[in-house]
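# Structure assessment
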Amino acid sequence: MEKKLDIPPLVTVGRVLPQFSTMEILKSLLFSDPQYNFPVNIHKIGGLDSSGPWVATTDLTMLMEFKPDSLDTVGLIKYPKSIASFGGITQLSTAHPHAMNGFTYNYVLEMRPLPLIHDSNIAHIVRTDPQIHDFSLTENYAILFVWPLRLELSNFLNGDGILKQAVFHEDIPTKIYVFDIKSKEDPEPIARFETDSMVAYHHINAYEEVEPDGSV
């Protein structure tokens, strides 16, 4: 006797075999619960030397706490509502948070139908793209690369998964934003750059060099 699954089909990164039926595709888009799927990365909140919990991560704004000795699931951890500006809704994040000096840093994509009201503890940029999987962190700065890669959400009904919906726009430059992570007064980037149109998923390393004139 075939056992009936009690978990709705999930939106997947790639096409599944056997392929989802039209009804399963609709269920995955409308009823799937992302807390059943945290396959991307693990992270210790605050860093390895902290007392923070171990969590499994994905590219959504939630974390799944687990026990490192048994791998038992503890429960869902959501980012605090205060991370969004007034009227904003957090949607996507990166699966690779970084820890520094007892704090965990991450990027969050926010849908904001209302004008931005700044929170002095949160850095903001405007008109960012959703497909940002990783970023870099040094002792003093967070470096965010905004690749010209966008998810065409209108195509999700084809059942091909997420990657097939990512469209690379070679006519749009890559934008780089640098944030001072130790400043709580100005949430704006301290530097902005543009470079060639490109895309990458992971950052290998980042470091600081001080020039003779004192510039970094």
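Residues numbered from 1 in each chain as written. Predicted model: local features only at pLDDT ≥ 70, side-chain atom pairs only at ≥ 80, totals over all residues. Heavy atoms only, no water.

Along its length, the protein carries 1 helix and 14 strands. Within the protein, buried positions represent 31% of all 216 residues. Restricting to contacts in the protein with at least 6 residues of sequence separation, those with at least 24 account for 53%. Here the protein displays about 14,100 Å² of accessible surface, and carbon together with sulfur accounts for 56% of that area. (Helix = DSSP H or I, 4+ residues; strand = E, 2+ residues; numbered from the N terminus. Buried < 20%, exposed > 50% of the residue type's maximum accessible area, 1.4 Å probe, protein only. Contact = heavy atoms within 4.5 Å. Areas by Shrake-Rupley, 256 points an atom, 1.4 Å probe, with all protein chains shown as cover.)

In the predicted model, the protein carries a mean pLDDT of 77, and 67% of its residues have values of at least 70. Averaged pLDDT values over the elements of the protein bottom out at 70 in strand β5 (residues 89-93) and peak at 94 in strand β1 (residues 41-44). Contacts from residues 114-121, a stretch scored under 50 in pLDDT, to residues over four places away or in other chains number 16 contacts. (pLDDT = per-residue confidence, 0-100.)

Turning to the sheet that holds β1, a few remarks are in order. With antiparallel pairing, the 4 strands of this open sheet are ordered in space as β1-β2-β3-β4. The sheet is open, and its two edges are formed by β1 and β4 (73-78), each paired on a single side. Strand-to-strand twist of the sheet, defined as the mean angle between neighbouring strand axes without regard to direction, takes the value 30°. Pairing of strand β3 (residues 62-66) with β4, which is carried by 5 bridges, proceeds in the antiparallel orientation. By the bridge assignment, M64 is partnered in β4 with L76. (Pairing = 2+ DSSP bridges. Axes fitted to C-alpha atoms, helices over the stretch in contact; angles between N-to-C directions.)

What follows deals with the sheet that holds strand β14 (residues 191-195). Across the sheet, 4 strands lie side by side as β9-β10-β13-β14; this open sheet has antiparallel pairing. Whereas interior strands pair on both sides, the edge strands pair on one side only; in this sheet they are β9 (136-137) and β14. Note that strand β10 (residues 141-146) and strand β13 (residues 174-180) share 6 bridges and pair antiparallel. Across the sheet, residue I143 finds its bridge partner in β13, namely V178.

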